[in-house]
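A closer look at the structure
Spelled out, the chains give:
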Amino acid sequence: MVPLLLVLLLVLVLFGVGFAVEILWWIALAVLVLWLLGFLVRGTTAGGGRGRWYRW
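Notes on the structure in this doc start here. (Residues numbered from 1 in each chain as written. Predicted model: local features only at pLDDT ≥ 70, side-chain atom pairs only at ≥ 80, totals over all residues. Heavy atoms only, no water.)

Attention now moves to the overall build of the protein chain. Broken down by element type, the protein chain carries 1 helix and 0 strands. Within the protein chain, buried positions represent 4% of all 56 residues. For the protein chain, the accessible surface area stands at approximately 5,300 Å², while carbon and sulfur atoms represent 80% of it. (Helix = DSSP H or I, 4+ residues; strand = E, 2+ residues; numbered from the N terminus. Buried < 20%, exposed > 50% of the residue type's maximum accessible area, 1.4 Å probe, protein only. Areas by Shrake-Rupley, 256 points an atom, 1.4 Å probe, with all protein chains shown as cover.)

A grouping of Trp26, Leu29, Leu32, Val33, Leu34, Trp35, Leu36, Leu37, Leu40 and Val41 is seen on the molecular surface, where their side chains present a nonpolar patch of about 1,000 Å² in accessible area. By the secondary structure assignment, Leu34 is in helix H1 (residues 2-40). (Patch = residues over 30% accessible without salt bridge, like charges linked within 9 Å, V, L, I, M, F, W, Y side chains within 5 Å. Salt bridge = Lys/Arg side-chain N within 4 Å of Asp/Glu carboxyl O.)

And the structure:
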């Protein structure tokens, strides 16, 4: 009975980790898209040059 419970627990843990990794991939993809869009839609500076859209 104990080995069966351990296998089921391992399956649950691996499923949870896989789900979390899947979510993190989608979040990383969304951040990448926003970062790339920031370069396309950034405004101009007072001198006429292209300004940076981030503050660092």
